[in-house]
Amino acid sequence: MHEVLSKRIEVLRFALIVGIVFIHMYTNDIQFSSSLQAHNPFAMLVEYISNILARVSVPLFFAMSGYLFFLSYDGSFTNYKKKLHSRFHTLLVPFLFWNALIFLFFALFQNLPQTAHYFSGERPLVLSYDFIDRLALFFGVGKFDYPVAYQFWFIRDLIILVVVAPLLYRLLEKVPHVLLGGLLMLWLFEPFQRDMTSFFFFSLGAYLGMKQVRFEKTTPYAPMVLAAYFLFSILALWSDSRIVDNVVILWGTFAAFCLSYYIVQNEKISQKLIQLAKYSFFVFAVHEPLLSIVRKISFKVVSPQSDWSVLGLYFFAPIVTIVSAIVLYEILARLAPGILKIATGNRI
């Protein structure tokens, strides 16, 4: 891969993970005092961060994953087998590891009187299901939309997309516009109430990878793209349309990648983000249920009485979660590097 393009992808990784943490911070705990909360400036700021800016994180991760997979994929069985072997370690192994760990975690703490309160209302009681349902919950299939470690739906979908990569390659080779246009419509309008984010953005990234697009030609338009996104994102605050929201997300993924061009021009900032990138997967893996625990404890201890205190906790819980994950990563790197290697899918 071109060095500059590789660097642009690398500087985005940690920032996008931070975005995912803030998406998951948006819960019923974040309640402001105004009876007209929709017009409360504090509520609007939280809405803007978690439900507009941060929403580009997951689509862009899927697009980058598709791009990186298909950039060096030639459609041959030998190449596919090599990539399957690689993704077995980077996707399937950590998926099984974290879901097993979180399953045991919930099985224990959901049933202790001292801790049950902190695990109620948001997650199923894992021991209340029979064996078949527990297995379905573990993988996030059947009647369960998410695995027991629910953020790992992203990895689950990536595994599925990697398995069907040869079919996707042929379709993108033969009928790219039909496939991408159809997936775009399914994602925008959701006629079957199925979130098509993973399939559309992975396929879009895959097509760009197959075409060896390096994005240099987009650079002159970056200021216009970023300015337009800022305008659209502000307008989206007053929109109740899922289609409008999705259009803003689509534009935002392009804008975020344009922004990466300016980030890599700043050596100090880009180097810091590249240093932090190694923590990205681990932060992704441990931020839940850690974030939920930190949020519930902090709101219970502080019992915020003002909008300022609620806003402070909105930022406090994600920061504590991210810093704690980084500290835990460093502890494991020193004391148990083998476990860390498995937990991160060799991303150390």
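From a predicted model like this one, the values you see are computed outputs, not experimental measurements.

1. Notes on the overall build of the protein chain
A count of helices and strands for the protein chain gives 15 helices and zero strands. Its C-alpha radius of gyration of 21 Å places the protein chain within 12% of the 20 Å reference for a compact globule of 348 residues. Principal-axis analysis of the C-alpha atoms gives the protein chain an extent of 55 × 45 × 45 Å. Put simply, the protein chain has 348 residues, and 48% of those count as buried. Residue pairs in contact within the protein chain that sit at least 24 positions apart in sequence constitute 74% of those at least 6 positions apart. Of the side chains in the protein chain, 28 bear a positive and 20 a negative charge, and the two mean positions are spaced by 9 Å.

2. A look at the nonpolar core
Phe70, Phe152, Phe154 and Val283 are the most contacted members of the largest nonpolar core, which totals 105 residues. Considering each element in turn, this core owes the most residues, eleven residues, to helix 1 (residues 3–25). Setting aside residues up to four positions removed in sequence, Val283 forms contacts with Phe14, Ile17, Val21, Ile322, Ala325 and Ile326.

3. Quick word on the environment of Met210
Relative to the elements of secondary structure, Met210 occurs in helix 9 (residues 197–210). Considered as a pair, Met210 and Tyr67 are 143 residues apart in the sequence and their alpha carbons are 7.6 Å apart. Aside from chain neighbours lying at most four places away, what touches Met210 is Phe70, Tyr169, Leu172 and Glu173.

4. Focus: the packing of helix 13 (residues 280–302) against helix 14 (residues 307–335)
Look at helix 13 against helix 14: their axes get within 8 Å of each other, and the N-to-C directions meet at 135°. On the basis of their axis angle, the class for helix 13 and helix 14 is oblique. Note that helix 13 runs across helix 14; the crossing there is right-handed. Tallied by class, the residues present in the contact of helix 13 with helix 14 amount to 20 nonpolar, four polar and one charged.

5. Comments concerning the pattern of salt bridges
Throughout the structure, instances matching the rule amount to eight salt bridges. When the shortest N-O distance is used, the salt bridge between Lys143 and Asp133 registers 3.2 Å. Residue Lys143 is located in the loop between helix 5 (131–139) and helix 6 (153–163), and its partner Asp133 is located in helix 5; the two are separated by ten residues in the primary sequence. Here Glu173 makes a salt bridge to Arg170, at a shortest N to O gap of 3.2 Å. Of the two residues, Glu173 and Arg170 both sit in helix 7 (residues 165–174), three residues apart, roughly one turn of that helix. For Glu173, a relative accessible area of 38% corresponds to the partly exposed category. The network of salt bridges with shared partners includes Lys278, Glu330 and Arg334.

6. A few points about unusual backbone geometry
Across the chain, the bulk of peptide bonds are trans and the bulk of non-glycine residues have phi less than zero. Glu288 connects to Pro289 through a cis peptide bond whose omega is 15°. Unusually for a residue other than glycine, Gln212 sits at a positive phi of about 55°. Position of Gln212 relative to the elements: it lies in the loop between helix 9 and helix 10 (222–236). A positive phi angle is found at Asn346, which is not glycine, with a value near 70°. Tracing the backbone shows Asn346 in the segment after helix 15 (337–343).

7. Notes on helix 6
Taking burial as the measure, the eleven residues of helix 6 include eight buried ones, the bulk of the element. Buried residues of helix 6: Trp153, Phe154, Ile155, Arg156, Asp157, Leu158, Leu161 and Val162, and no others.

8. What to know about the packing of helix 1 against helix 11 (residues 242–265)
One can describe the packing of helix 1 onto helix 11 by two numbers: an axis separation of 9 Å at closest approach and a directional angle of 105°. Compared by their axis directions, helix 1 and helix 11 come out roughly perpendicular. Of the residues in helix 11, those in contact with Leu5, Lys7, Arg8, Ile9, Val11 and Leu12 of helix 1 are Ala256, Phe257, Cys258, Ser260, Tyr261, Ile263 and Val264. Looking at the contact of helix 1 with helix 11 residue by residue, the class counts come to ten nonpolar, one polar and two charged.

9. A short note on the side chain of Ser50
Within the secondary structure, Ser50 is located in helix 2 (residues 41–53). Of note is the side chain of Ser50, whose polar atom sits 2.6 Å from the side chain of Tyr314. In this structure, Ser50 is in contact with Phe22, Ile23, Tyr26, Arg55 and Tyr314, ignoring residues within four places of it in sequence.

10. Observations concerning the packing of aromatic side chains
Counted by the stated rule, this structure contains 38 aromatic pairs. The interplanar angle of 25° and the centroid separation of 6.0 Å between the aromatic rings of Phe95 and Phe139 together place this pair among those described as stacked. Pair noted here: Phe95 is in helix 4 (residues 77–109) and Phe139 is in helix 5, with a separation of 44 residues, a long-range link. Connected via pairs of aromatic rings, a cluster forms that spans Phe61, Phe62, Phe95, Phe138, Phe139, Phe152, Trp153, Phe154, Phe281 and Phe284. Residue placement shows Arg347 over the ring face of Phe281; its charged tip is 4.1 Å from the ring centre.

Quick notes on the rules
- Residues numbered from 1 in each chain as written.
- Predicted model: local features only at pLDDT ≥ 70, side-chain atom pairs only at ≥ 80, totals over all residues.
- Heavy atoms only, no water.
- Helix = DSSP H or I, 4+ residues; strand = E, 2+ residues; numbered from the N terminus.
- Rg over C-alpha atoms; globule rule 2.2 N^0.38 Å.
- Buried < 20%, exposed > 50% of the residue type's maximum accessible area, 1.4 Å probe, protein only.
- Contact = heavy atoms within 4.5 Å.
- Lys, Arg positive; Asp, Glu negative; His and termini not counted.
- Charge placed at Lys NZ, Arg CZ, Asp CG, Glu CD.
- Core = buried A, V, L, I, M, F, W, Y, C linked by side-chain atoms within 4.5 Å.
- Axes fitted to C-alpha atoms, helices over the stretch in contact; angles between N-to-C directions.
- Parallel < 35°, antiparallel > 145°, perpendicular 65-115°, else oblique.
- Left-handed = near helix turned anticlockwise from the far one by under 90°.
- Nonpolar A, V, L, I, M, F, W, Y, C, P; charged D, E, K, R; others polar.
- Salt bridge = Lys/Arg side-chain N within 4 Å of Asp/Glu carboxyl O.
- Polar contact = N/O pair within 3.5 Å; in protein donor to acceptor, adjacent residues only side chain to side chain.
- Phe/Tyr/Trp six-rings, centres within 6.5 Å; stacked < 30°, edge-to-face > 60°.
- Lys NZ or Arg CZ within 6 Å of the ring centre and 35° of its normal.

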